[in-house]
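The chain contents come next:
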Amino acid sequence: MNIAVVGTGYVGLVSGVCFAETGNNVICVDIDKNKVERLRNGEVVIYEPGLEPLFERNARQGRLKFTTDLAEGIKDAEIIFLALPTPPGEDGSADLKYILGVASDLSKIITDYKVIVDKSTVPVGTSEKVHAILADNLDESLFDVVSNPEFLREGVAVDDFLKPDRVVIGTSSDRAAKVMKRLYDPFVRQGNPVIVMDERSAEMTKYAANSYLATRITFMNEIANLCELAGADVDCVRRGMGTDSRIGKRFLFPGIGYGGSCFPKDVSALGKTATQHGYDFKILESVMSVNEHQKRKLARMIKEHFGNDLTGKTIALWGLAFKPDTDDIREAPALYIIDELIAAGAKIRAFDPEAMANVAKEKPEVTMVDDQYEALDGADALAICTEWKVFRTPSFPAVKKMLSTPLIFDGRNLYDLEAPKEHGFTYYSIGRAVVKAGEVVTV
Ligand SMILES: NC(=O)c1ccc[n+]([C@@H]2O[C@H](COP(=O)([O-])OP(=O)(O)OC[C@H]3O[C@@H](n4cnc5c(N)ncnc54)[C@H](O)[C@@H]3O)[C@@H](O)[C@H]2O)c1
């Protein structure tokens, strides 16, 4: 099939590459000239494990092309995907200007039947808005609009895309549903479902899924905070809960709050949708306010330890990306922690396997180093913000030798209490006892 993907970011690029991988001809369109130039030169502009070999093969074999020209990109396409940004507007609702703008551009250049697929995360009712804009200039027989929310996770996006748990297709057109099923057939050969529903339900499904996951994380963060006060260990609690088949083990890890380009904006946008419909969605308000507090928790712990004045202190920071295996730093808790620590007088030496270049652009005051141990050199404490695998089994003697004091603040509970205890560290983590100079202390 001939496919156009408009918007070549984390979702658009992965989608385009994976559609090409199943034998389709894909043209990715983006307004960012520099990005398109780099992609044309064979540069994979985001870090996403497993993407590069697929990108290289499909570009080399001529199934994957890039352009800044929308008309050229969509000319032969049977399906046009919109993988455009839907950032939070000033009031927290999703800003639809990119989607509606491209819909308007499309209405002026489409000349034969196209399925226009919204892959961005958009509020209930957006398909109808896109339909109305297209219908302003186009005969309705020339297009169908489909909502096809994307559930990929950055860091495992290629696997998620090639083997999705399910594909959701929101459309009231049988013709468009058939085209979409044909496209996705190779991705669900193991029997995972393609669920066809109406457009509004498809749009709601994406917000409901993300908001539920954000709620689950937030619930565990609150349990962790209570564990600290009540003298329980959240790791034990998590295992005790997660083995219940009604609950399940995933998304129960406490930490320093959720971040990224999706959860924060999607929870907020769903809250706005509720308000617009006159519904007071109380849980979402709580989730957002608990998360605001939680993402600064590590900074609070560090400041409290040092009597609230970090003048002259250097904090080594491991992890900047909002989660491991990505270079995405949108809404990363590390950024909030950096701001709080610097405001309290600290200097920061940071290491992240992939996200340093992105953070350096936003926070030039942070010293970036090439190696996780180099970050520790003479620092007064180590703070861990992202659970990259490379941080999981450090040489504790080396860490101790490099730091000026053996002090770790672990926002991701990477270590058993035993290891820091054995090596004489003071070790703070989330929802567990504190280890003070090699002794476990229940707070
Ligand atoms: N990132 C994720 O993990 C993820 C997962 C599921 C869903 N989503 C949703 O997918 C959508 C896209 O997210 P993303 O992370 O890929 O965003 P992104 O910011 O990485 O990419 C968007 C791209 O669109 C381009 N663009 C903007 N205006 C354009 C225009 N008029 N014409 C052509 N290109 C244009 C931008 O230059 C950018 O390259 C959002 O709605 C997001 O909520 C994201």
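Refer to the structure presented above.
Rules used throughout
- Residues numbered from 1 in each chain as written.
- Predicted model: local features only at pLDDT ≥ 70, side-chain atom pairs only at ≥ 80, totals over all residues.
- Heavy atoms only, no water.
- Patch = residues over 30% accessible without salt bridge, like charges linked within 9 Å, V, L, I, M, F, W, Y side chains within 5 Å.
- Areas by Shrake-Rupley, 256 points an atom, 1.4 Å probe, with all protein chains shown as cover.
- Salt bridge = Lys/Arg side-chain N within 4 Å of Asp/Glu carboxyl O.
- Lys, Arg positive; Asp, Glu negative; His and termini not counted.
- Charge placed at Lys NZ, Arg CZ, Asp CG, Glu CD.
- Helix = DSSP H or I, 4+ residues; strand = E, 2+ residues; numbered from the N terminus.
- Buried < 20%, exposed > 50% of the residue type's maximum accessible area, 1.4 Å probe, protein only.
- Right-handed = clockwise from strand over helix to strand, strands pointing away.
- Near = heavy atom within 4 Å.
- Polar contact = N/O pair within 3.5 Å; in protein donor to acceptor, adjacent residues only side chain to side chain.
- Domains from an automatic or database assignment.
- Expected span 1.5 Å × (residues − 1).
- Phe/Tyr/Trp six-rings, centres within 6.5 Å; stacked < 30°, edge-to-face > 60°.
- Contact = heavy atoms within 4.5 Å.

## Observations regarding a negative patch on the surface
At step 1: A cluster of acidic residues, Asp370, Asp371, Glu374 and Asp377, forms a negative patch at the surface.
At step 2: Relative to the helices and strands, aspartate 377 resides in the loop between strand E11 (367–368) and strand E12 (381–384).

## What to know about the pairing of strand E6 (residues 143–147)
A regular strand carries its side chains on alternate faces of the sheet.
At step 1: Across the five residues of E6, five count as buried, placing the element largely inside the fold.
At step 2: Here E6 shows no split at all, with Phe143, Val145 and Ser147 on one side and Asp144 and Val146 on the other all buried.
At step 3: You can see the chain leave strand E5 (residues 114–118), run along helix H6 (residues 126–137) and come back into E6, and the turn it takes is right-handed.

## Some words on the site of the ligand
At step 1: In the region of the ligand, 27 residues are neighbours, and Asp30, Lys35, Thr86, Glu154 and Lys265 sit closest.
At step 2: Between the ligand and tyrosine 10, the relevant distance is 3.1 Å, taken from an oxygen atom to a main-chain nitrogen or oxygen of the residue.
At step 3: One nitrogen or oxygen atom from the main chain of threonine 121 is found 3.0 Å from an oxygen atom belonging to the ligand.
At step 4: Counting residues per element, the ones that place at least two in the shell around the ligand are helix H1 (10–21) and helix H5 (97–107).
At step 5: Inspection of the shell around the ligand shows a minimum of three residues originating in each of domain 1 (2–197) and domain 2 (206–293).

## Quick look at H1
At step 1: Across its 12 residues, H1 extends 17 Å between first and last C-alpha, which sits within 8% of the 16 Å expected from 1.5 Å per residue.
At step 2: Of all 12 residues in H1, 10 are buried, a share of seventy percent or more.
At step 3: Of all the positions in H1, only Tyr10, Gly12, Leu13, Val14, Ser15, Gly16, Val17, Cys18, Phe19 and Ala20 are classed as buried.

## Some details on unusual backbone geometry
At step 1: One non-glycine residue, asparagine 308, lies in the positive phi region at around 70°.
At step 2: Among the secondary structure elements, asparagine 308 is positioned in the loop between helix H13 (297–305) and strand E9 (314–318).

## Let's talk about the packing of aromatic side chains
At step 1: Per the stated rule, a full pass over the model turns up 17 aromatic pairs.
At step 2: When the centroid spacing of 6.0 Å and the interplanar angle of 80° are considered together, the rings of tyrosine 258 and phenylalanine 263 count as edge-to-face. For the pair tyrosine 258 and phenylalanine 263, one class covers both residues: buried.
At step 3: With a centroid separation of 5.7 Å and an interplanar angle of 70°, the aromatic rings of phenylalanine 396 and phenylalanine 425 are classed as edge-to-face.

## A closer look at the side chain of lysine 303
At step 1: Structurally, lysine 303 is set in helix H13.
At step 2: Look at lysine 303 and you get buried, because its relative accessible area is 17%.
At step 3: A distance of 3.1 Å separates polar atoms of two side chains, one belonging to lysine 303 and the other to glutamate 340.
At step 4: Beyond its immediate chain neighbours, meaning those up to four positions away, lysine 303 contacts Asn308, Leu310, Glu340 and Ala344.

No statement about biological role is implied by the geometric values presented.
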